[in-house]
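Residue strings, one per chain:
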Amino acid sequence: MKKNDPRKIPVIVLTGFLGSGKTTLLNRLLEEHPKTAVIINEFGATPVDQDLLQPTGMPLTTLAGGCLCCQIKGTLAPTLKNLWMAWDQAQTKPFKQMIIEASGIASPEPILDTLLRERWLASRYHLQNVITTLAIPSATAQLDSFAEARAQVAWADTLLLTHADLSNADQQAVLAKRLRVLAPATPVLMTGDVRAASSLLTNAGPTLRRLPDDGSLPAHNFRSISLHLEQILPWQQLQAILQELLTRHPQHLLRIKGVVYLAEQTEPMVIQAASNRLYPPAPLPPRAADDGRGRLVFIVNGEPTALATDLNKAFAPLLSGNAIKLH
């Protein structure tokens, strides 16, 4: 099948380091292009990202339990095959394109390898665009510290800078200089550019693509801890606990995300933290599947035992058995 064959499904790979705004961007893209199927990969055994998306009625698949570099061969390829067969057999096509949101701590290479090297998939899917988000205030430090962040930039067709409102001119200048070295020919956009963001699903990628090396990726030290909360807390109490954890583990605690229920709100609330910044909670529409239990995921770089101990101390009166799990 040719690149523009209508039987080829366009695929957009959305990547970017932890806390760089991938899910926010994904919600925006789905609002503008609702007939889009989504595959989300999450690090850790407790998936929460699917709860952060606004419902569209389109196919949504979550691949949890590890990062894409660890599990891509066993999960992504069969998922893509099943989705294509359902799409092909439908008289009215259920979606027009697909977005794969990669784990924030994964290199995109295994995704690209699967889409480009697997002949069955390559003849039915067209890799249209690889979008990498970078949070301006923290991106330079992440590029310095993590090979995965550098790989996300190196493989991007489009670089999208986020969190400009939280950055200053010096941070913007330093990041711009770094990107000119790492990816001098890659277009750089800002999320504030509405037209640019709207075109991300329709931009045609390069006609020819280089293939990733067919080898194993370097080992990583990322671990995750999941926390299940049965009780409803006031935001002030939960905020104090989470801020204290960020303060005690500034180098190791990379990300907090989850959905909780607060005493002040009737709807579930999204909790997010990255780069030692805890963001205000944001409401989610109630869903039929809501069980009233809070779920938080903590992603750490290195040994998670010390953080798990602090979690136990902070939440001890509020937890049931097996509420904290290391992955």
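See above for the structure.
Residues numbered from 1 in each chain as written. Predicted model: local features only at pLDDT ≥ 70, side-chain atom pairs only at ≥ 80, totals over all residues. Heavy atoms only, no water.

Student: So what exactly am I meant to see when it comes to the packing of helix α9 (residues 235-248) against helix α10 (residues 305-315) here?
Tutor: What describes two packed helices is the angle between their axes and the distance between those same axes. At a closest axis distance of 11 Å, the pairing of α9 and α10 adopts a crossing angle of 155 degrees. Classed by the angle they form, the pair α9 and α10 counts as roughly antiparallel. By crossing handedness, the relation of α9 to α10 is classed as right-handed. Counted together, Leu238, Ile241, Leu245 and Arg248 of α9 and Leu307, Asp310, Leu311, Ala314 and Phe315 of α10 form the full contact between these two elements. Among the residues forming the contact of α9 with α10, the class breakdown is 7 nonpolar, no polar and 2 charged. (Axes fitted to C-alpha atoms, helices over the stretch in contact; angles between N-to-C directions. Helix = DSSP H or I, 4+ residues; strand = E, 2+ residues; numbered from the N terminus. Parallel < 35°, antiparallel > 145°, perpendicular 65-115°, else oblique. Left-handed = near helix turned anticlockwise from the far one by under 90°. Contact = heavy atoms within 4.5 Å. Nonpolar A, V, L, I, M, F, W, Y, C, P; charged D, E, K, R; others polar.)

Student: For this particular structure, what's the right way to read the packing of aromatic side chains?
Tutor: The geometry of an aromatic ring pair comes down to the distance between the two centres and the angle between the two planes. For the structure on display, the rule yields 4 aromatic pairs. Centre to centre, the rings of Trp84 and Trp87 are 6.4 Å apart; their planes meet at 40 degrees, and the pair counts as tilted. Residue Trp84 and its partner Trp87 are located together in helix α2 (residues 68-89), separated by 3 residues, close to a single helical turn. Given a relative accessible area of 4%, Trp84 falls into the buried group. Relative to Trp120, the ring of Trp84 has its centre 5.5 Å away and its plane inclined at 85 degrees; by these criteria the two rings are edge-to-face. Within this pair, whereas Trp84 is found in helix α2, its partner Trp120 is found in helix α4 (residues 119-122), the two being separated by 36 residues in sequence. Site record: aromatic cluster; members linked through ring pairs are Phe17, Phe146 and Phe222. The ring of Trp87 is capped by Lys93, whose NZ or CZ atom sits 4.7 Å from the centre of that ring. When the ring centre of Trp120 is taken as origin, the NZ or CZ atom of Arg124, which lies over that ring, is 4.0 Å away. (Phe/Tyr/Trp six-rings, centres within 6.5 Å; stacked < 30°, edge-to-face > 60°. Buried < 20%, exposed > 50% of the residue type's maximum accessible area, 1.4 Å probe, protein only. Lys NZ or Arg CZ within 6 Å of the ring centre and 35° of its normal.)

Student: How do you make sense of helix α7 (residues 169-182) when you look at a structure like this?
Tutor: Over its 14 residues, α7 runs 20 Å from end to end, which matches the ideal 20 Å to within 8%, given 1.5 Å per residue. Regarding α7, its N-cap is Asn168, as a side-chain oxygen of that residue lies 3.1 Å from the backbone nitrogen of Asp170 further along. (Expected span 1.5 Å × (residues − 1). Polar contact = N/O pair within 3.5 Å; in protein donor to acceptor, adjacent residues only side chain to side chain.)

Student: In this structure, what is going on with the sheet that holds strand β2 (residues 36-41)? I would like to understand it.
Tutor: Taken together, the 7 strands give an open sheet; going across it, the order is β3-β2-β4-β1-β5-β6-β7, and neighbouring strands pair in parallel fashion. Lying at the two open borders of the sheet, with one neighbouring strand each, are β3 (60-63) and β7 (188-190). Averaged over all pairs of adjacent strands, the angle between their axes in this sheet comes to 20 degrees, without regard to strand direction. Two strands pair when backbone bridges link them, and β2 and β3 are joined in this way by 4 bridges, in the parallel orientation. The residue of β3 that forms the bridge with Ile39 is Thr61. Helix α5 (residues 136-145) rests against β5 (125-135), β6 (158-162) and β7 of the sheet, and its axis sits at about 105 degrees to β5. Contacts between helix α6 (residues 147-154) and the sheet are confined to β1 (9-16), β5 and β6, with β5 contributing the most and set at about 130 degrees to the helix. (Pairing = 2+ DSSP bridges.)

Student: In this structure, what is going on with the pairing of β2? I would like to understand it.
Tutor: Of all 6 residues making up β2, 6 are buried, and the element is well covered by its neighbours. Strand direction decides the pairing type here: β2 and strand β4 (residues 97-101), joined by 5 bridges, are parallel. Residue pairing across strands places Thr36 opposite Gln97, the latter belonging to β4.

Student: What is the right way to read the nonpolar core from this model?
Tutor: Soluble, globular proteins show a tendency: their nonpolar side chains are buried together. Counting residues in each nonpolar core, the largest one holds 27 residues, and the members touching the most others are Leu238, Leu242, Leu296, Phe298, Leu311 and Phe315. When contributions to this core are tallied by element, the ones reaching two or more residues are β8 (222-229), α9, β9 (253-260), β10 (269-274), β13 (294-301) and α10. Top element by residues in this core is α9. It accounts for 6 residues. Grouped together as the second largest cluster of nonpolar side chains are 25 residues, Met98, Ala102, Leu115 and Leu127 included. (Core = buried A, V, L, I, M, F, W, Y, C linked by side-chain atoms within 4.5 Å.)

Student: Can you walk me through the packing of α5 against α7 in this structure?
Tutor: The N-to-C vectors of α5 and α7 enclose an angle of 45 degrees; their axes lie 9 Å apart at closest approach. On the basis of the axis angle, α5 is oblique to α7. Seen along the crossing, α5 lies across α7 with a hand that is left-handed. Where α5 abuts α7, its residues Ile136, Pro137, Ala139, Thr140, Leu143 and Asp144 lie against Gln171, Gln172, Val174, Leu175, Arg178, Leu179 and Leu182. Taken together, the residues of the contact of α5 with α7 sort by class into 8 nonpolar, 3 polar and 2 charged.

Student: It is not clear to me how α9 should be interpreted in this structure. Could you clarify?
Tutor: End to end, α9 covers 20 Å across 14 residues, agreeing with the expected 20 Å (1.5 Å per residue, within 8%). Among all positions in α9, only Trp235, Leu238, Ile241, Leu242, Leu245 and Leu246 are buried. One face of α9 carries all of its buried residues, which in axial projection span an arc of 135 degrees. Facing away from the buried side of α9 by over 90 degrees, the exposed positions are Gln236, Thr247 and Arg248. Considering only its buried residues, α9 is in contact with β9, β10, β11 (277-278), β13 and α10. (Arc of directions from axis to C-beta.)

Such coordinate-based values are descriptive only and should not be taken to indicate function.
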